[in-house]
Amino acid sequence: DTRDYFAPAFGKIVEKSDGALSEVIGMYTIESIKKNANELMTWLENGILKIKIDQITQYIVYELVMSNEPELDKTKLFRQIRQNAPDSFNNLQYVKTFIDSIEEQFQILMKD
């Protein structure tokens, strides 16, 4: 709860970012997921972070695709997200939607 005040600011940054700022959002978000994946999922699922899933997953995907080992990094990220997801059914469904969004965008970019 005490970190929820970061969500609106982060949401505005994601909505308005372009150029150099866009390039660091994916990295920042991946690091945030590594530290506390549940926080981001909760913000998104509960509407605390007022952006659409694909607005944030696109930045994650760009970062993954640019890495030295995109498939391995994607697999590690998915494992991290799944391990930290709370056990409620709704949250698990949301996590699946989040991961599916990353996977779909990832496959499109890897083909290009």
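What counts, and at which threshold
Residues numbered from 1 in each chain as written. Predicted model: local features only at pLDDT ≥ 70, side-chain atom pairs only at ≥ 80, totals over all residues. Heavy atoms only, no water. Helix = DSSP H or I, 4+ residues; strand = E, 2+ residues; numbered from the N terminus. Rg over C-alpha atoms; globule rule 2.2 N^0.38 Å. Buried < 20%, exposed > 50% of the residue type's maximum accessible area, 1.4 Å probe, protein only. Contact = heavy atoms within 4.5 Å. Core = buried A, V, L, I, M, F, W, Y, C linked by side-chain atoms within 4.5 Å.

Brief notes about the overall build of the protein
Okay, so step 1: Counting its regular elements, the protein contains five helices and zero strands.
Okay, so step 2: Each helix and strand of the protein, ordered N terminal to C terminal, gives the series α-α-α-α-α.
Okay, so step 3: Against the compact-globule benchmark of 13 Å for 112 residues, the protein has a radius of gyration of 13 Å, which places it among compact chains.
Okay, so step 4: C-alpha extents for the protein along the principal axes are approximately 40 × 30 × 20 Å.
Okay, so step 5: With 112 residues in all, the protein has 38% of them scored as buried.
Okay, so step 6: The long-range share in the protein, meaning contacts at least 24 apart out of those at least 6 apart in sequence, stands at 75%.

Side note on the nonpolar core
Okay, so step 1: Counting 29 residues, the largest nonpolar core has F98 and I102 as its most contacted members.
Okay, so step 2: Taken together, the elements giving at least two residues each to this core come down to helix 1 (6–16), helix 2 (20–45), helix 3 (53–66), helix 4 (70–84) and helix 5 (89–111).
Okay, so step 3: Here this core takes eight residues from helix 2, the largest share from any one element.
Okay, so step 4: The residues touching I102, leaving out its near neighbours within four places in the chain, are T57, I60, V61, L64, L77, F78 and I81.

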